[in-house]
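Survey of secondary and tertiary structure
Residue strings, one per chain:
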Amino acid sequence: MISVHMSQYLPWLHNNPDVSFNVNTRLNIYRNLKHRDYHEDLLKKLSASSVGLTKGLMDIVNRLAQTEEKSLPNLEQPFILLAEGSLSTVRHEIPLIESVFNRYGVDVRFHVTDGIGNFAQHRKLREVEGLYDGIGWSVLMCLNNTSPTEPCYNTADKIFLKQHQRVNVIPELQEILGNPRSFCDIPPQDTTGKQVETEELDCAVYPDQKQKLSLRCRNQSLWLLKKTPSIIQPDIVDCKNLQDDSFRKSFMETKGVAVKLPDNLYELGDEPMVAMFNVLVMSFSPLRVYLHPQAVAWEGFTSYINKKPQRTLTISELQSLISDTRGSDRSETAINQLEEKIVSTLIKLEALHWSTNNRIRCPTCFQLLDVVTVFNTTFYPTILQIKSSSHHGKQASLNEYLVRQKILEDLASMLVSKDTVTMDVARGLEELGITDILENQQICNKDRSLCLHEDDVQYALKNRQEHLNMRNFRKLYPLRSSVKYTCLLENIYRNKTSGRIENGQHTTSSLHSYLLSLERFYANFDNDDTVETYDDMNIPIDSKQPIKGGIKIMNKLEPRKTVNSNKVLENFTRPNCDKDPSSMPYLGYLSTVPPIKLTPEFSPLVTDYEAVVDYDVMLLTVMAFAKSCSSQARLEDKQGDSGISNITLGIGENKVWIFIVDTSHSDTWVVNTYTILITRQDPDIQSSFSSSKPHQICSLKQDCSLSFSMWDACGLQPVSSHGNWKSFTNHLASTLPSCSSGNSPGEWYVPCNLCRDSNSCYWKQAIWQPKTCQHKRISRENLKDCLAGKKVLFIGDSTNRGILHYMTEQVNGSLLEWDKTHNLKVYSNLNDNRTMFSFAYYPQFWLPAEHRPVFDKALYQLMKRSMPLQNNSNTVLVMGGVHWLGKHHINVVRKALNREGLTGIRLVLKGLGAGFHQPVSGVHCLSQPDHEKLLNHNRVLLDYATKNGYHVVDTFNMTMARYKNFLQGKCACHFHRVSMIKNQNSFQSKSSKPSTYQQPAYHVEGEINAVYSELTINEICQPDQLNEEFSR
């Protein structure tokens, strides 16, 4: 089920180059509709343009449209914004407000009040439907909104506001913020809900607790003193001042709170950085909150308290500032911690409200807050002050004016938008099973455990509408990643039997799970993440890495072309065909370059052949032509190349299929099939091996026929004076420590008769060995224990699937089920049903580019099929591929895990590998310079992955050094093969009874695949159970 924007359901909202698609255009569209006909006209258009809507879905659309209609102002009248404040404030604020809102066709009006003195008069006007109700406003802007006694504030406190009317004061929130003591009434908790007992969160109410404050004050700690009312600028004092008798006498007799500031504050220059962020609360309970990227900062507390000129500071600038001084990983952590601090604080303030009240008086009110913070040296934020973003006159500086202007522009987009979101929300509710409409118009799920009231429906509509129009605002809650607040909410409302209040209003806690599910539904189909476009099978060269030049490849979407790599083909003449109908099913000509000996000799009447080729024969050009002029010989499949084609030959068995097809029909008919079973010999010397006999110990970093590093020698190099292989391996085991990661640089070591003759080597004994450490291998029993309770998710191409098959065999003792899935598959019968593997194939490069699933979708589908997932090391994501993997994919994974609240899982990345070095049609072929670029790309990729918390397994040098050892596959990139075990007795239990049916078992071949699969296992299980030497 796909949720899309309403423009896909309403034809008149489709993108059109002739239409300026702005809010004013949308207003005009809506004004063309008669208000009384809105509901009927909307449903009529939805019905006409939404093919396949079920009756149940239409019922939900009908119900939601009723609420959405009420949330719209009278469309026959202009959209009015009424601003109210003191004369000084109106004089300075109205020009800015008019300049912003007039662009959206909004009629801005204002009213000057002298504040408290006119309170009774304004109250009387409201009772007789005077000033406020008479104008017919849609947005009321209280420019002096900090005092609970101001008349504009009391308008927000009315419970009979119409649903389309918005006021920029939330009475419940304002009352809490107006009393600094509230911050001492909430227990300090982190986002997990766990109680936090640290000195930096010490809070004391004075003068009631001034004795406690004196006891807590020690060393050189700084304290923030917040006076009542909260609009008074706070003071920063040290313990020396607090203990001074004259200061305590003059200051401590007032009311307020003192909060201890953290030690080791983050500084700009020589002074602590004080930053003020702009937070938009569009709903207090249930919570809906946004953060604006524009902020201001001061160098030092004195500058902040005295309101000295400040500097503008955007979120991205803050990240860059931290990244330059502390690294990119710290910069992202800082912003995440800031966002979590803001949300968790508002959640606790909401809980504080419900502890003393039983209703929300203004569900349509919103409020813009100034959140003043400092950071410690680990960039954990401490909130100095939260106050309403109120304006009492002229801005303090040009910077403040510019920030205010940008915030108003983005706020206007959210407030005056008329985007119809009924269908989006309806589809989301249907997906969640909230489809039953009761007589009282509540929308419930099947078991009635959740019923949405009118305010809840309005919340859902506004939430979606704001999301589509939030421009530069960053949404903080609700999000898919908001699952991290679950424990906090459960802790806060632990003493409540449910999250519902007696009068039926819902809190954030009671709707938390529902809101997260709805956000997950929206995010899965909105494609919010920008996806880079490049050929999935090409190398995604990062623009920032030190690589110049592009990579020239064959476009696999172009018509197939024959690659003639041998001069013999230049003079080749296609054999003649005959027109005898009886010759149609026969192959008339078969030859290869280089020539191979077929057994038996070729005859059109013989369909099955065998041949053996040397290890160095990696590519075979096959020339096959049908005997009849009415048929064709095609290789690999019935739609394959006709006549001449290149075939890669992996070590071991390779089956070449030649289909004789009748081309006289619209649908291709296969009339005969020929097969050639070609065995490519492995490089291992055929004589028996004894580890105690004398051998030369040789190392290999790269093959001279495909070198990729200009810094390393190619070919086999003698490296040891040890007389035999046994003493060499024993020496490594006794002198080298265990490797801490799979990224340790290494090389292949192999015993040979002579290093200068690779044909004299015992390659089955070869080991991959870093110079400074040794990899250990986990025993099967310890592996079973390690994987117990774990879910391992694999996403990548067939090389990643090879690791999955290897691990499956290791943990189960045999591989009873395997396939070459190119989609998504879940393996649940592992490790005595204690372990689950799942695999998503990516990229599906054989599909046209426009039809390939993007990486984010493939990842989401994999996680969805693997649910539920734990946010710890019991969930493992293994990502890897041959050449397609880039930094972009790491960024997508990070965003996806943040949305899902799975930032605590274990991440493993398998690096790039050898492949695509043979010129075969249908896939690209890389040159030697391209492989040099790949080496650089792999280094950048692994470094970036490590900085992003991945455990990495470097497979590039490992596979490139032995690139000729690939197994069957067109890409020449496979180092594994699954074969059936003919004798299965070794895998059967002695107690098992004989059976007429024996389930087939399989074995994963390939020593190179085994090496990097073991390294992957180490990265999943380390450091607990590395107890056996890893050797091959």
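Shown above is the structure to which this text applies.
The structure presented is a predicted model; accordingly, all values stated were derived computationally and were not measured.

Calculation notes
Counting restarts for each chain, with residues numbered from 1 along the sequence as it is written. Given that the model is predicted, a residue must reach a pLDDT of at least 70 before its local features are reported, and side-chain atom pairs must reach 80 or more before they are shown or counted; all residues, however, enter totals for whole chains, interfaces and linings. Side-chain numbers come from the whole structure's heavy atoms, not from hydrogens or water. The helix and strand labels rest on DSSP assignments: H or I over at least four residues marks a helix, E over at least two residues marks a strand, and numbering proceeds from the N terminus. Working definition: with a 1.4 Å probe on protein chains only, accessible area under 20% of the residue-type maximum means buried, over 50% means exposed, and in between means partly exposed. By the convention used here, residues are in contact when the closest approach between their heavy atoms is within 4.5 Å. All accessible areas in this document rest on Shrake-Rupley with a 1.4 Å probe, and a residue is counted as covered only by the protein chains that are shown. Between any two strands, at least two bridges found by DSSP are needed for them to pair. Only the stretch in contact is used when fitting a helix axis, every axis being a line fitted to C-alpha atoms; angles between N-to-C directions are given from 0 to 180 degrees. The labels follow the angle: roughly parallel below 35 degrees, roughly antiparallel above 145, roughly perpendicular from 65 to 115, and oblique for the rest. By convention the crossing between two helices is left-handed if the near helix lies anticlockwise of the far one by an angle smaller than a right angle, and right-handed if it lies clockwise. Residue type decides the class: Asp, Glu, Lys and Arg count as charged, Ala, Val, Leu, Ile, Met, Phe, Trp, Tyr, Cys and Pro as nonpolar, and the leftover types, Gly among them, as polar. A carboxyl oxygen of Asp or Glu within 4 Å of a side-chain nitrogen of Lys or Arg is what we treat as a salt bridge. Expected helix span is given by 1.5 Å per residue-to-residue step, counting one fewer step than there are residues.

**Here we look at the overall build of the protein chain**
- When its secondary structure is counted, the protein chain shows 28 helices and 39 strands.
- Burial analysis of the protein chain (1032 residues in total) assigns 55% to the buried set.
- In the protein chain, of all internal contacts separated by at least 6 residues, the share reaching a separation of at least 24 is 73%.
- Carbon together with sulfur atoms contributes 48% to the accessible area of the protein chain, which is approximately 45,300 Å² in total.

**Observations regarding the sheet that holds strand β20 (residues 608-613)**
- Across the sheet, 4 strands lie side by side as β20-β25-β24-β22; this open sheet has mixed pairing. The sheet is open, and its two edges are formed by β20 and β22 (631-635), each paired on a single side. The mean angle between the axes of side-by-side strands here comes to 20°, regardless of whether they run parallel or antiparallel.
- Bridge analysis of β22 against strand β24 (residues 652-662) gives 5 bridges, and the strand direction is antiparallel. By the bridge assignment for β24, Gln 632 is matched with Val 661.

**Side note on the packing of helix α24 (residues 855-866) against helix α25 (residues 887-900)**
- Direction vectors running N to C along α24 and α25 enclose 45°, while the axes themselves pass 10 Å from each other. The pairing of α24 with α25 is recorded here as oblique in orientation. α24 and α25 meet at a crossing whose hand is right-handed. Contacts between α24 and α25 involve Phe 855, Asp 856, Leu 859, Tyr 860 and Met 863 from the former and His 889, Val 892, Val 893, Ala 896, Leu 897, Arg 899 and Glu 900 from the latter.
- Per-class residue counts for the contact of α24 with α25 are 8 nonpolar, 1 polar and 3 charged.

**A few points about the pattern of salt bridges**
- Here the structure, examined in full by the defined rule, presents 28 salt bridges.
- In this structure, Glu 466 and Arg 166 form a salt bridge, with 3.7 Å as the shortest nitrogen-oxygen distance. Of this pair, Glu 466 sits in helix α18 (residues 454-468) while Arg 166 sits in strand β4 (residues 166-167), placing them 300 residues apart in sequence. Here the two residues Glu 466 and Arg 166 agree in accessibility, since each one is buried.
- Note that Arg 899 is salt-bridged to Asp 856, the shortest N-O span being 3.0 Å. With a gap of 43 residues between them, Arg 899 in helix α25 and Asp 856 in helix α24 connect regions that are remote in the sequence. Taken individually, Arg 899 and Asp 856 each receive the classification buried, so the pair is uniform in this respect.

**Overview of helix α28 (residues 1007-1021)**
- The end-to-end C-alpha distance of α28 is 21 Å, a good match for the 21 Å that 15 residues give at a rise of 1.5 Å each.
- Of all 15 residues making up α28, 14 are buried, and the element is well covered by its neighbours.

**With respect to the pairing of strand β21 (residues 619-626)**
- For β21, the buried fraction is high: 8 of the 8 residues fall into the buried class.
- Residues Leu 619, Thr 621, Met 623 and Phe 625 line one face of β21 and the alternating positions Leu 620, Val 622, Ala 624 and Ala 626 line the opposite face, and both faces are buried.
- Where β21 and strand β23 (residues 644-648) come together, 5 bridges link them in antiparallel fashion. Bridging across to β23, Leu 620 finds its partner in Ile 647.

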